[in-house]
Amino acid sequence: MGLAATPEHGGGNHDLFWHTFTIDRPHVDVGVPIGGARRVRVNLPPGRYEYYCRVPGHRTAGMHGVLVVS
Ligand SMILES: [Cu+2]
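Only a predicted model underlies this, so the values are computations on that prediction, with no experimental measurement involved.

What the protein contains, in helices and strands, is one helix and six strands. Starting at the N terminus and ending at the C terminus, the protein contains elements arranged as β-α-β-β-β-β-β. Split into buried and exposed, the 70 residues of the protein put 13% on the buried side. Counting contacts in the protein only where the partners sit at least 6 residues apart, residues at least 24 apart contribute 43% of the total.

This is the structure we're talking about:
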């Protein structure tokens, strides 16, 4: 199945720093520049995938979540 996910916490990146949309397994790692947005298409089997921003400090600041594919 196809799944389109927009990285960076739901919209364009309006912060003063870049972010990433990262999943460890399977490996997904998309950088989101300042003022930009990226769209990534990945094929994932049903399950739960933890995603996060790998910029130091961002994950602990709350930039993470769970992607559920059904
Ligand atoms: Cu971030």
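Here the narrative resumes.
Here we come to the sheet that holds strand E6 (residues 64-69). Note on sheets: strands pair through backbone hydrogen bonds, and any given pair is parallel or antiparallel. As summarised here, the arrangement of the four strands in space is E3-E2-E5-E6, forming an open sheet in which the pairing is antiparallel. Single-partner strands in this sheet number two, and they are strand E3 (28-32) and E6. Averaged over all adjacent pairs, the angle separating strand axes in this sheet is 20 degrees, with direction ignored. Both strand E2 (residues 19-23) and E3 contribute to a ladder of five bridges, which runs antiparallel. In the sheet register, Thr22 faces E3, and the bridge partner there is Asp29.

Here we come to the pairing of E2. Taken across its five residues, E2 has four buried, putting it largely inside the fold. Direction of pairing for E2 relative to strand E5 (residues 47-52): antiparallel, over a ladder of two bridges. The partner of Thr22 across the bridge, within E5, is Tyr52.

Right, let's get into unusual backbone geometry. Looking along the chain, the bond that leaves Arg25 and enters Pro26 is cis, with omega of -5 degrees. Relative to the helices and strands, Pro26 resides in the loop between E2 and E3.

This brings us to the confidence of the model for the protein. Mean pLDDT over the protein stands at 81; residues scoring 70 or higher make up 81%. The least confident element of the protein is strand E1 (residues 3-5), whose mean pLDDT is 45; the most confident is E5, at 94. Confidence over residues 1-9 falls short of pLDDT 50; this stretch has 24 contacts with residues more than four positions distant or in other chains.

Structurally, the position occupied by Asp29 is in strand E3. Spatially, the C-alpha atoms of Asp29 and Val40 are 9.3 Å apart, while their sequence positions differ by eleven residues. What Asp29 contacts, discounting residues up to four positions off in sequence, is Thr20 and Thr22.

Procedures and definitions
- Residues numbered from 1 in each chain as written.
- Predicted model: local features only at pLDDT ≥ 70, side-chain atom pairs only at ≥ 80, totals over all residues.
- Helix = DSSP H or I, 4+ residues; strand = E, 2+ residues; numbered from the N terminus.
- Buried ≥ 20, exposed ≤ 12 C-beta atoms within 10 Å, placed from the backbone.
- Contact = placed C-beta atoms within 7 Å.
- Pairing = 2+ DSSP bridges.
- Axes fitted to C-alpha atoms, helices over the stretch in contact; angles between N-to-C directions.
- pLDDT = per-residue confidence, 0-100.

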